[in-house]
Amino acid sequence: MASPAAGGVVIVGSGLIGRSWAMLFASGGFKVKLYDIEQQQITNALENIRKEMKLLEQSGSLKGSLSAEQQLSLISGCGNLAEAVEGAMHIQECVPENLELKKKIFAQLDRIVDDRVILSSSSSCLLPSKLFTGLAHVKQCVVAHPVNPPYYVPLVELVPHPETAPATMDRTYALMKRIGQSPVRLLKEIDGFVLNRLQYAVISEAWRMMEEGIVSPNDLDLVMSDGLGMRYAFIGPLETMHLNAEGIVSYCDRYSDGMKRVLKTFGPVPEFSGATVEKVNQDICMKVPDDPEHLAARRKWRDDCLMKLAKLKHQVQPQ
Ligand code: NAI
């Protein structure tokens, strides 16, 4: 729980990700101000958060030690940016993924904030050196990239600008832990950060194998959901190596020749176009048609599964 002395958090942009952050910060006991350029978005966000929190409370899945009503009382809307950021200790930007728009917001914030507040962007793939260079408060800037849906998937990638102060990384890391998220620190920025680089490596090889007619799209997905993904929810690829032999050194001794042989057969970056797109689309749509109702229902099912998995992970985590 946040102490009453701790400053509040400001969310800039009250869309999908801004709402999730608001719920997470409130679950940690922090006061949250939601700002948006569209007043209606703030109203919608407050309504949507109320509904979500009540449902989570009913199903026993609400995070934190406060009741839904107590958490809701911590969240308010504010249509004036300068007023919203007054006394804040952390500002989480969640406007659409557009470099010029985000640069404009950070330039605006740079003019009105003090030397203590953290300026954090939720950007999925814009590099800190593109977002923050030239700002007077660059030392206080960081990307804190969440994973959708952030309420159930706790990872947050912290990506520094070359001039980000170590204290900014430390404070953001501590804040993320405090609200129950699972932060990781990138020691320097890289295009795609870590999560998307891993994800793209998987998608890329999946695509090449489908293009070569080795496996069907539905079977490809099963390899992950009923195979690799089962253990990746609990241990990563490096610990998998460690456990699948007598430690990492033994794994490299035993399997590095085989890994290198296979890796050398990986092809060029796929085009993600043409006949393969049609084939994948046809197969995946047989399982989940791509109209809004079916997609929404499947997302709801995915989020329910993730919520149950999050509970299981919490129960089985080693002390
Ligand atoms: P969204 O489109 O749902 O919400 C964006 C909000 O920003 C809207 O409410 C809009 O009115 C508001 N906005 C636009 N211009 C503004 C301005 N000048 N000042 C204040 N508010 C403004 O977008 P979403 O999906 O929430 O994404 C936000 C950020 O989070 C993006 O950078 C995205 O890349 C990142 N992200 C998104 C994920 C996702 O799965 N949707 C996952 C991880 C990160």
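Conventions adopted
Residues numbered from 1 in each chain as written. Predicted model: local features only at pLDDT ≥ 70, side-chain atom pairs only at ≥ 80, totals over all residues. Heavy atoms only, no water. UniProt positions renumbered as here; feature names shortened; annotations may be inferred. Near = heavy atom within 4 Å. Polar contact = N/O pair within 3.5 Å; in protein donor to acceptor, adjacent residues only side chain to side chain. Areas by Shrake-Rupley, 256 points an atom, 1.4 Å probe, with all protein chains shown as cover. Pairing = 2+ DSSP bridges. Helix = DSSP H or I, 4+ residues; strand = E, 2+ residues; numbered from the N terminus. Axes fitted to C-alpha atoms, helices over the stretch in contact; angles between N-to-C directions. Contact = heavy atoms within 4.5 Å. Parallel < 35°, antiparallel > 145°, perpendicular 65-115°, else oblique. Left-handed = near helix turned anticlockwise from the far one by under 90°. Nonpolar A, V, L, I, M, F, W, Y, C, P; charged D, E, K, R; others polar. Buried < 20%, exposed > 50% of the residue type's maximum accessible area, 1.4 Å probe, protein only. Patch = residues over 30% accessible without salt bridge, like charges linked within 9 Å, V, L, I, M, F, W, Y side chains within 5 Å. Salt bridge = Lys/Arg side-chain N within 4 Å of Asp/Glu carboxyl O. Core = buried A, V, L, I, M, F, W, Y, C linked by side-chain atoms within 4.5 Å. Phe/Tyr/Trp six-rings, centres within 6.5 Å; stacked < 30°, edge-to-face > 60°.

- The name that an unreviewed UniProt entry assigns to the protein chain is Lambda-crystallin homolog, with the source organism given as Cricetulus griseus.
- You can read under Function (unreviewed entry) in the UniProt record for the protein chain the words "Has high L-gulonate 3-dehydrogenase activity. It also exhibits low dehydrogenase activity toward L-3-hydroxybutyrate (HBA) and L-threonate."
- Quoted verbatim from the Subunit (unreviewed entry) field of the UniProt record, the comment on the protein chain reads "Homodimer."

1. Notes on the site of the ligand
Right, on to step 1. By nearness alone, 23 residues border the ligand, and D36, Q41, E97, K102 and S124 come closest of all.
Right, on to step 2. The backbone of G15 places a nitrogen or oxygen atom 3.5 Å from an oxygen atom of the ligand.
Right, on to step 3. Between Q41 and the ligand, the recorded distance is 2.6 Å, taken from a side-chain N or O atom to an oxygen atom.
Right, on to step 4. Bound to the protein, the ligand loses 79% of the 840 Å² it would expose on its own.

2. Focus: the sheet that holds strand β4 (residues 88–93)
Right, on to step 1. Spatial ordering of the open sheet is given by β3-β2-β1-β4-β5-β6-β7-β8, a layout of eight strands whose pairing is mixed. Single-partner strands in this sheet number two, and they are β3 (75–77) and β8 (182–185). Neighbour to neighbour, the strand axes of the sheet diverge by 25° on average, direction disregarded.
Right, on to step 2. With four bridges joining them, strand β7 (residues 155–160) and β8 adopt parallel strand pairing. Bridge pairing links L155 to S182 in β8.
Right, on to step 3. The strands touched by helix α5 (residues 99–112) are β1 (8–12), β4 and β5 (118–121); relative to β5, the strand with the most contacts, the crossing angle is about 170°.

3. Some details on the packing of helix α1 (residues 16–27) against helix α2 (residues 39–58)
Right, on to step 1. The geometry of α1 relative to α2 is characterised by a closest axis approach of 10 Å and an angle of 55° between their N-to-C directions. Here α1 lies oblique to α2, going by the angle between them. Note on packing geometry: the crossing formed by α1 with α2 is right-handed. Judged by residue contacts, R19, A22, M23 and A26 of α1 engage Q41, N44, A45, N48, I49, E52, M53 and L56 from α2.
Right, on to step 2. Class assignment of the residues belonging to the contact of α1 with α2 gives a composition of seven nonpolar, three polar and two charged.

4. As for the pairing of β4
Right, on to step 1. With six of six residues buried, β4 lies mostly within the body of the structure.
Right, on to step 2. Bridge count between β1 and β4: five bridges; the pairing is parallel. Its bridge partner being in β4, V10 is matched across the sheet by I91.
Right, on to step 3. The pairing of β4 with β5 spans four bridges and is parallel.

5. Things to note about a nonpolar patch on the surface
Right, on to step 1. The grouping of Y255, M259, V262, L263 and F266 at the surface amounts to a nonpolar patch, some 410 Å² of accessible area in total.
Right, on to step 2. Secondary-structure assignment places Y255 in helix α11 (residues 248–263).
Right, on to step 3. Its relative accessible area of 34% is what places Y255 among the partly exposed residues.

6. Considering the environment of I37
Right, on to step 1. Tracing the sequence through the fold places I37 in the loop between β2 (32–35) and α2.
Right, on to step 2. With a relative accessible area of 75%, I37 lands in the exposed category.
Right, on to step 3. Sequence separation between I37 and L55 is 18 residues, and the spatial gap between their C-alpha atoms is 28 Å.

7. Let's talk about the nonpolar core
Right, on to step 1. In this structure, I11, W21, F25 and M53 are the most contacted members of the largest nonpolar core, which totals 34 residues.
Right, on to step 2. Elements represented by at least two residues in this core include exactly β1, α1, β2, α2, α3 (68–73), β6 (141–146), β7 and α7 (166–178).
Right, on to step 3. Sorting elements by how many residues they give to this core places α1 first, with six residues.
Right, on to step 4. Ignoring sequence-local partners within four residues, the contact set of I11 consists of G18, W21, A22, F25, V32, K33, L34, Y35, Q92 and C94.
Right, on to step 5. One finds V10, V117, L127 and V138 within the second-largest nonpolar core, a separate group that totals 27 residues.

8. Some points on the packing of aromatic side chains
Right, on to step 1. Within this structure, the stated rule accounts for five aromatic pairs.
Right, on to step 2. A centroid spacing of 5.5 Å and a plane angle of 20° characterise the contact between W21 and F25, whose relative ring orientation is stacked. A residue pair is termed a helical-turn pair when its members lie 3 or 4 positions apart in one helix, as W21 and F25 do in helix α1 at four residues. Of the two residues, W21 and F25, both sit in the buried class.
Right, on to step 3. Ring plane angle 90° and centroid distance 5.7 Å describe the contact between Y151 and Y152, whose orientation is recorded as edge-to-face.

9. Brief notes about unusual backbone geometry
Right, on to step 1. A cis amide bond, omega -10°, links N148 with the succeeding residue P149.
Right, on to step 2. Here P149 lies in the loop between β6 and β7.
Right, on to step 3. Phi is positive for F193, close to 55°, though the residue is something other than glycine.
Right, on to step 4. With respect to the helices, strands and loops of the structure, F193 is situated in the loop between β8 and α8 (195–211).
Right, on to step 5. Taking relative accessible area as the criterion, F193 reaches 0% and is therefore assigned buried.
Right, on to step 6. Located in the positive-phi region is F272, a residue other than glycine, with phi close to 50°.
Right, on to step 7. Tracing the backbone shows F272 in the loop between α11 and α12 (275–287).
Right, on to step 8. Taking relative accessible area as the criterion, F272 reaches 37% and is therefore assigned partly exposed.

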